[in-house]
Amino acid sequence: MKKRFALQLIAACALAMGATAGFAQDVIKIANIVELSGGGATAGTNFKNGVELAVKEINASGGILGKKIQTTTTDTQSNPGIAKGLTQKAIDNDVFAIFGPVFSGSIMVSMAESRRAEVPNFTGGEASSITEQGNPYVFRTSFTQADAMPKVARYINQQAKLKSIAIIYVNNDFGKGGLDAIKKALAKTDTKVVAEISSESGQVDFSAAVLRAKQSNADGLFAYSNEEESARLLRELRKQGWTKPVIGETTLTGQKVIELAGDAANGAVAHVGLTVDAPQPAIRAFRAKFEKEYKYVSDHNGMKGYSGIYVLKAAIEKVGKLDRKAVAAALHTLKVKAADQPGVLMDVSFDSKGDLDRESFMIEVKNGKQEVVAILPALGKK
């Protein structure tokens, strides 16, 4: 009887040690759960490539705390349900952290799983609602709409001096969140929203949407959609002879948009949290390394994935051990200087909700290239 009890006690201790010492393993497992097909393929592929470039660099320089990073990549197919299932599989595989999904609708569904398992989860999603759920394990690699839109509204009202504006937005969590945020920000100015025009994810024909914008007689257009749809919208605006300002956020002027829209992208203005055309040395170095590795120019999503890995590295090194709970707690007060950790690209800090703060940019597409026209300070430095 005593012998049986002793054996049971040993087995229980072994199980407990396995649960708490899961990261005594030789590698740091990271799951890259991203959109490689469907409407988010451009964003997800760039994010994935940024993550993998950072991992390659870190492993080549000795890893984190002497341990190499091991990544697995899976495709959400731009489907929230699939994203949730893949997140659960990653957790079952005992990953230390999860990167992705990029789309707001997917992370809103999948992050419940990473929260339950207490696994740090980095996302490129920008919907304000992501970090308003009180999830202590979700962290952004980009600005929230609530932080970005006031900067855009200020530009529309004070620099572009538009008295009225039409809005074309994509009818999903991302688009509706952006619509609400820009309307709230513009309500504090004398610029009036005279038309709200809904479009669908994957929409091909924007002729009716552009016609409605023209019929509104607005002084300009605020466009907020996914990359591929933004390119189609810009081409349709050019086709219908639109000559008024076209202003947006990151997804209006991304590298893929410029490639797809061609000359129709010229003149588009957007607020971007990240751009490979920024004058900072660390960003210029990233651009060169990414182009050498993948033979194309990264968009902001590649920068999000890349810098996110280095943020995780900084947090682990601050804690000094592979403890997911302690690393998540450290991230909520983390401040990293690019001078100390060039891979974060710019000085960055995180708040108690997992939102980040850093400099951002206003850019205009000129001759098929993004040109930085203004550097905007971090919100905490206003």
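If you're wondering where the values come from, they're calculated on a predicted model, not measured in any experiment.

## A short note on the overall build of the chain
Turning to step 1, where the next piece is worked out: Counting its regular elements, the chain contains twelve helices and 15 strands.
Turning to step 2, where the next piece is worked out: In terms of overall size, the chain behaves like a compact globule, its C-alpha atoms giving a radius of gyration of 22 Å where 382 residues would be expected to give roughly 21 Å.
Turning to step 3, where the next piece is worked out: Among the 382 residues that make up the chain, the fraction classed as buried is 55%.
Turning to step 4, where the next piece is worked out: The contacts of the chain with a sequence gap of at least 6 include a subset with a gap of at least 24, amounting to 66%.
Turning to step 5, where the next piece is worked out: In the chain, the 49 positive side-chain charges and the 40 negative ones have mean positions that sit 4 Å from each other.

## Points about empty space enclosed by the protein
Turning to step 1, where the next piece is worked out: If you walk through the whole model with that rule in mind, you get three cavities of 30 Å³ or more.
Turning to step 2, where the next piece is worked out: Empty space within the largest cavity amounts to approximately 80 Å³.
Turning to step 3, where the next piece is worked out: For the largest cavity, the lining is made up of 13 residues, of which Glu-126, Ser-142, Phe-143, Thr-250 and Gly-273 are closest to its centre.
Turning to step 4, where the next piece is worked out: Classifying every residue of the lining of the largest cavity gives three nonpolar, six polar and four charged.
Turning to step 5, where the next piece is worked out: As for the second largest cavity, its lining consists of Thr-250, Gly-254, Gln-255, Val-272, Leu-274, Thr-275, Val-276, Ser-298, Asp-299, His-300, Met-303 and Gln-370.

## Remarks on the nonpolar core
Turning to step 1, where the next piece is worked out: Grouped together as the largest cluster of nonpolar side chains are 56 residues, with contacts concentrated most on Phe-99 and Leu-312.
Turning to step 2, where the next piece is worked out: The leading source of residues in this core is helix 11 (residues 300-319), at nine residues.
Turning to step 3, where the next piece is worked out: Setting aside residues no more than four positions away along its own chain, Phe-99 makes contact with Ile-30, Ala-31, Asn-32, Ile-33, Val-34, Phe-47, Val-51, Phe-122, Gly-305, Gly-308, Ile-309 and Leu-312.
Turning to step 4, where the next piece is worked out: Ala-213, Val-246, Val-257 and Ile-258 belong to the second-largest nonpolar core, a separate cluster that totals 25 residues.

## Some words on the packing of helix 3 (residues 80-92) against helix 4 (residues 104-116)
Turning to step 1, where the next piece is worked out: Contact geometry of helix 3 with helix 4 gives a least axis separation of 8 Å together with a crossing angle of 25°. When the axes of helix 3 and helix 4 are compared, the pair comes out roughly parallel. Once helix 3 is placed against helix 4, the crossing between them reads as right-handed. Across from Pro-80, Ala-83, Lys-84, Thr-87, Gln-88 and Ile-91 in helix 3, the residues of helix 4 making contact are Gly-105, Ser-106, Val-109, Ser-110, Glu-113, Ser-114 and Arg-116.

## Focus on the pairing of strand 15 (residues 369-376)
Turning to step 1, where the next piece is worked out: Sheet analysis places strand 14 (residues 360-366) next to strand 15, joined by seven bridges and oriented antiparallel. Across the sheet, the residue bridging to Ser-360 is Leu-376, located in strand 15.
Turning to step 2, where the next piece is worked out: Counting the residues between successive antiparallel strands, the hairpin from strand 14 to strand 15 contains two residues, one of them, Asn-367, with a positive phi of roughly 50°.

## A word on the sheet that holds strand 2 (residues 68-75)
Turning to step 1, where the next piece is worked out: Strand order in the open sheet made by the five strands is 2-1-3-4-5, with parallel pairing throughout. Among the strands making up the open sheet, the edge pair consists of strand 2 and strand 5 (138-140). Going across the sheet, the axis of each strand differs from the next one's by a mean of 25°, ignoring polarity.
Turning to step 2, where the next piece is worked out: Where strand 4 (residues 121-123) and strand 5 come together, three bridges link them in parallel fashion.

## Some remarks on the sheet that holds strand 13 (residues 356-357)
In a beta sheet, neighbouring strands are held together by backbone hydrogen bonds and run either parallel or antiparallel to one another.
Turning to step 1, where the next piece is worked out: Spatially, 11-12-13 is the arrangement adopted by the three strands of the open sheet, whose pairing is antiparallel. Each having just a single partner strand, strand 11 (335-336) and strand 13 make up the two edges of the open sheet.
Turning to step 2, where the next piece is worked out: Bridging between strand 11 and strand 12 (residues 348-350) involves two bridges; their strand directions are antiparallel. Bridged to Lys-335 within strand 12 is Ser-349.

## What to know about unusual backbone geometry
Turning to step 1, where the next piece is worked out: For the bond running from Gly-100 to Pro-101, omega is 0°, close enough to zero to count as cis.
Turning to step 2, where the next piece is worked out: Tracing the chain through its elements places Pro-101 in the loop between strand 3 (97-99) and helix 4.
Turning to step 3, where the next piece is worked out: Of note, the phi angle at Leu-345 is positive, near 75°, even though the residue is not glycine.
Turning to step 4, where the next piece is worked out: Here Leu-345 is to be found in the loop between strand 11 and strand 12.
Turning to step 5, where the next piece is worked out: For Leu-345, a relative accessible area of 2% gives the class buried.
Turning to step 6, where the next piece is worked out: Of note, Asn-367 is a non-glycine position whose phi angle comes to about 50°, a positive value.
Turning to step 7, where the next piece is worked out: Note on placement: Asn-367 falls in the loop between strand 14 and strand 15.
Turning to step 8, where the next piece is worked out: You can call Asn-367 exposed: its relative accessible area is 74%.

## Observations concerning the pattern of salt bridges
Turning to step 1, where the next piece is worked out: With the rule as written, the count across this model stands at 17 salt bridges.
Turning to step 2, where the next piece is worked out: In this structure, the salt-bridge partner of Asp-94 is Arg-324, at a minimum N-O distance of 3.7 Å. Of this pair, Asp-94 sits in the loop between helix 3 and strand 3 while Arg-324 is found in helix 12 (residues 324-331), placing the two residues 230 residues apart along the sequence.
Turning to step 3, where the next piece is worked out: According to the relative accessible area criterion, Arg-324 is buried, its value standing at 19%.
Turning to step 4, where the next piece is worked out: The network of salt bridges with common partners includes Lys-84, Glu-113 and Arg-116.

## Here's the deal with the confidence of the model for the chain
Turning to step 1, where the next piece is worked out: Looking at the chain as a whole, its pLDDT mean stands at 92, while 93% of the residues score no less than 70.
Turning to step 2, where the next piece is worked out: Contacts from residues 1-22, a stretch scored under 50 in pLDDT, to residues over four places away or in other chains number one contact.

Analysis parameters
- Residues numbered from 1 in each chain as written.
- Predicted model: local features only at pLDDT ≥ 70, side-chain atom pairs only at ≥ 80, totals over all residues.
- Heavy atoms only, no water.
- Helix = DSSP H or I, 4+ residues; strand = E, 2+ residues; numbered from the N terminus.
- Rg over C-alpha atoms; globule rule 2.2 N^0.38 Å.
- Buried < 20%, exposed > 50% of the residue type's maximum accessible area, 1.4 Å probe, protein only.
- Contact = heavy atoms within 4.5 Å.
- Lys, Arg positive; Asp, Glu negative; His and termini not counted.
- Charge placed at Lys NZ, Arg CZ, Asp CG, Glu CD.
- 1 Å grid on protein atoms, 1.4 Å probe; cavity = no way out; pocket = protein on both sides within 12 Å on 5 of 7 lines; lining within 4 Å.
- Points joined across faces, edges and corners; volume = space filled by probe spheres on them.
- Nonpolar A, V, L, I, M, F, W, Y, C, P; charged D, E, K, R; others polar.
- Core = buried A, V, L, I, M, F, W, Y, C linked by side-chain atoms within 4.5 Å.
- Axes fitted to C-alpha atoms, helices over the stretch in contact; angles between N-to-C directions.
- Parallel < 35°, antiparallel > 145°, perpendicular 65-115°, else oblique.
- Left-handed = near helix turned anticlockwise from the far one by under 90°.
- Pairing = 2+ DSSP bridges.
- Salt bridge = Lys/Arg side-chain N within 4 Å of Asp/Glu carboxyl O.
- pLDDT = per-residue confidence, 0-100.

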